[in-house]
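# Observations on the three-dimensional arrangement
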Amino acid sequence: MRYTQLGRTGLKVSRLVLGTMNFGPQTDEADSHAIMDAALDAGINFFDTANVYGWGENKGRTEEIIGSWFAQGGGRRDKVVLATKVYGNMGPDGEAWPNHDKLSAVNIRRAVDASLKRLGTDRIDLYQFHHIDRATPFDEIWQAIDVLIQQGKILYAGSSNFPGYKIAQANETAARRGGTIGLVSEQCLYNLAERRAEMEVIPAAQDYGLGVIPWSPLHGGLLGGVIKKEAEGGRRASGRAADTLADPVARKRIQAYEDLLEKHGVEPGETALAWLLTRPGVTGPIVGPRTREQLDSALRALELELSEELLASLDEIFPGPGPSPEAFAW
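Residues numbered from 1 in each chain as written. Predicted model: local features only at pLDDT ≥ 70, side-chain atom pairs only at ≥ 80, totals over all residues. Heavy atoms only, no water.

### A closer look at the overall build of the protein
What the protein contains, in helices and strands, is 14 helices and 10 strands. In terms of C-alpha radius of gyration, the protein reaches 20 Å, essentially the compact-globule figure of 20 Å for 330 residues. Taken along its principal axes, the extent of the C-alpha atoms in the protein is 55 × 50 × 40 Å. Looking at the protein residue by residue over its 330 residues, the buried ones come to 52%. A fraction of 77% describes how many contacts in the protein between residues 6 or more apart in sequence connect residues 24 or more apart. With an accessible surface of roughly 14,900 Å², the protein has 49% of that area assigned to carbon and sulfur atoms. (Helix = DSSP H or I, 4+ residues; strand = E, 2+ residues; numbered from the N terminus. Rg over C-alpha atoms; globule rule 2.2 N^0.38 Å. Buried < 20%, exposed > 50% of the residue type's maximum accessible area, 1.4 Å probe, protein only. Contact = heavy atoms within 4.5 Å. Areas by Shrake-Rupley, 256 points an atom, 1.4 Å probe, with all protein chains shown as cover.)

This is how it looks when you write it as structure tokens:
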């Protein structure tokens, strides 16, 4: 396993991040525990979750599964850099009582205590804002975070799904307050098929010293050999992948991608992950395995060296947006 610093911090994290969103909804507790054990055995020390994972009436279930895994002992908790998120409504009926969602100081305080209880731990290493809160000023958010850091309940704060200007706003407010470290990471949608983050989000993260943690590195399975799997009678595309393939132009692009990788003798999913590992500013992509086999495939991406020829061909199929403001100004 390879490790890197998380942004400008001294925290060392693995270059693959174990995403746990499937734990509970698609993967039962025993299999989830087995995947976490395998990840830890492989050297993955960075685990990502969110208070809303489990979804619907089972919100919080994923954190509970991680908590029961920690409870097995064996140094599991101390070996893991644990990241979770706050923002979503945790009410089981889908209707948020006032102040029971988003990033007000009162909800942050309530949500962190609830996450700590479900996770069965005394601290969260990286506490991430799952979305921007347009109604709550960053002065209030940082005041709440400072208190949690002083209490030892969290160590670092990060963002998720933030535009570049909000990353700047958050960290300029933190700098103005003094003594507040500010955001240390940004978790964003970023992959070969979705490169808009290169225009504003990733440059902002790099300028402010944030580690970039891409989510959906296979774009909902689109980059995992979906056309070939369909032709062989495998699992059909759904969600984001199915929506993309419904567009004939996009489908032709994905076919070209799969044909290119077949020519080079490499697997699509592993290549998509390996490509992200070559991107400036990227700490490590989040992989969300439903099975042990999917975890093993993700681990093979760490050993995959992409040639300059292949990287250039991937850029031809999936060109990036270009730098800002040139990409939209002229």
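### A word on the pattern of salt bridges
Applying the stated rule across the entire model yields 18 salt bridges. Residue R61 pairs with E29 through a salt bridge whose shortest N-O separation is 2.7 Å. Residue R61 is located in helix α2 (residues 61-70), and its partner E29 is located in helix α1 (residues 29-41); the two are separated by 32 residues in the primary sequence. Residue E29 is classed as partly exposed on the basis of its relative accessible area of 28%. With a shortest N-O distance of 4.0 Å, D139 and R176 are connected by a salt bridge. Residue D139 is found in helix α5 (residues 138-151), and its partner R176 is found in helix α6 (residues 164-177); the two are separated by 37 residues along the sequence. Residue D139 is classed as partly exposed on the basis of its relative accessible area of 36%. Put simply, R77, D78, D122, R123 and D125 are held in one network by salt bridges that share partners. (Salt bridge = Lys/Arg side-chain N within 4 Å of Asp/Glu carboxyl O.)

### A closer look at the packing of α5 against α6
Look at α5 against α6: their axes get within 10 Å of each other, and the N-to-C directions meet at 60 degrees. Between α5 and α6 lies a crossing of right-handed hand. Along its contact with α5, which presents F138, D139, W142, Q143 and D146, the element α6 presents K166, Q169, A170, N171, T173, A174, R176 and R177. Per-class residue counts for the contact of α5 with α6 are 4 nonpolar, 4 polar and 5 charged. (Axes fitted to C-alpha atoms, helices over the stretch in contact; angles between N-to-C directions. Left-handed = near helix turned anticlockwise from the far one by under 90°. Nonpolar A, V, L, I, M, F, W, Y, C, P; charged D, E, K, R; others polar.)

### Some details on the nonpolar core
The biggest cluster of nonpolar side chains holds 82 residues, and the ones touching the most others in it are Y127, F129, W142, I145 and Y257. In contact with F129, other than residues within four places in its own chain, are V86, L103, I141, W142, I145, A157, G158, S159, S160, F162 and L183. Of all hydrophobic cores here, the second largest spans 12 residues; its members include F46, L126, V184 and I286. (Core = buried A, V, L, I, M, F, W, Y, C linked by side-chain atoms within 4.5 Å.)

### A look at α6
With 14 residues, α6 extends 20 Å between its outermost C-alpha atoms, agreeing within 8% with the 20 Å of an ideal straight helix rising 1.5 Å per residue. When we look at burial in α6, the residues that qualify are G164, K166, I167, A170, N171, T173 and A174. In this structure, the buried side of α6 is in contact with α5, β7 (154-160), β8 (183-189) and α7 (201-207). G178 sits one or two residues past α6 and shows a positive phi near 75 degrees. (Expected span 1.5 Å × (residues − 1).)

### Points about the packing of aromatic side chains
Applying the stated criterion to the full structure yields 8 aromatic pairs. An angle of 45 degrees between the planes, with centres 5.6 Å apart, marks the rings of W69 and F70 as tilted. Here the two residues W69 and F70 agree in accessibility, since each one is buried. The rings of F129, F138, W142 and F162 are connected pair by pair, giving a single aromatic cluster. One cation-aromatic arrangement involves R77 over F70; the distance from NZ or CZ to the ring centre is 5.4 Å. (Phe/Tyr/Trp six-rings, centres within 6.5 Å; stacked < 30°, edge-to-face > 60°. Lys NZ or Arg CZ within 6 Å of the ring centre and 35° of its normal.)

### Observations concerning the sheet that holds strand β3 (residues 17-19)
Strand order in this open sheet of 8 strands is β9-β8-β7-β6-β5-β4-β3-β10, and the pairing throughout is parallel. Two strands in the sheet have a free side with no partner beyond their single neighbour: β9 (211-215) and β10 (286-287). Where strand β6 (residues 124-129) and β7 come together, 5 bridges link them in parallel fashion. Bridging from a neighbouring strand, L126 pairs with Y156 of β7. (Pairing = 2+ DSSP bridges.)

### Quick look at the environment of P92
By the secondary structure assignment, P92 is in the loop between β5 (81-86) and α4 (105-119). Along the chain, P92 and D315 lie 223 residues apart, while their C-alpha atoms are 44 Å from each other. Residues within four places of P92 in sequence aside, it is in contact with G56 and E57.

### Looking at the side chain of E186
Tracing the backbone shows E186 in strand β8. Comment: no salt bridge for buried E186; closest opposite-charge side chain is K85, at 11 Å. A polar contact of 3.1 Å, which involves the side chain of E186, links it to the backbone nitrogen of N161. Only 3.2 Å separates the side chain of E186 from the backbone nitrogen of F162, close enough to count as a polar contact. (Lys, Arg positive; Asp, Glu negative; His and termini not counted. Polar contact = N/O pair within 3.5 Å; in protein donor to acceptor, adjacent residues only side chain to side chain.)

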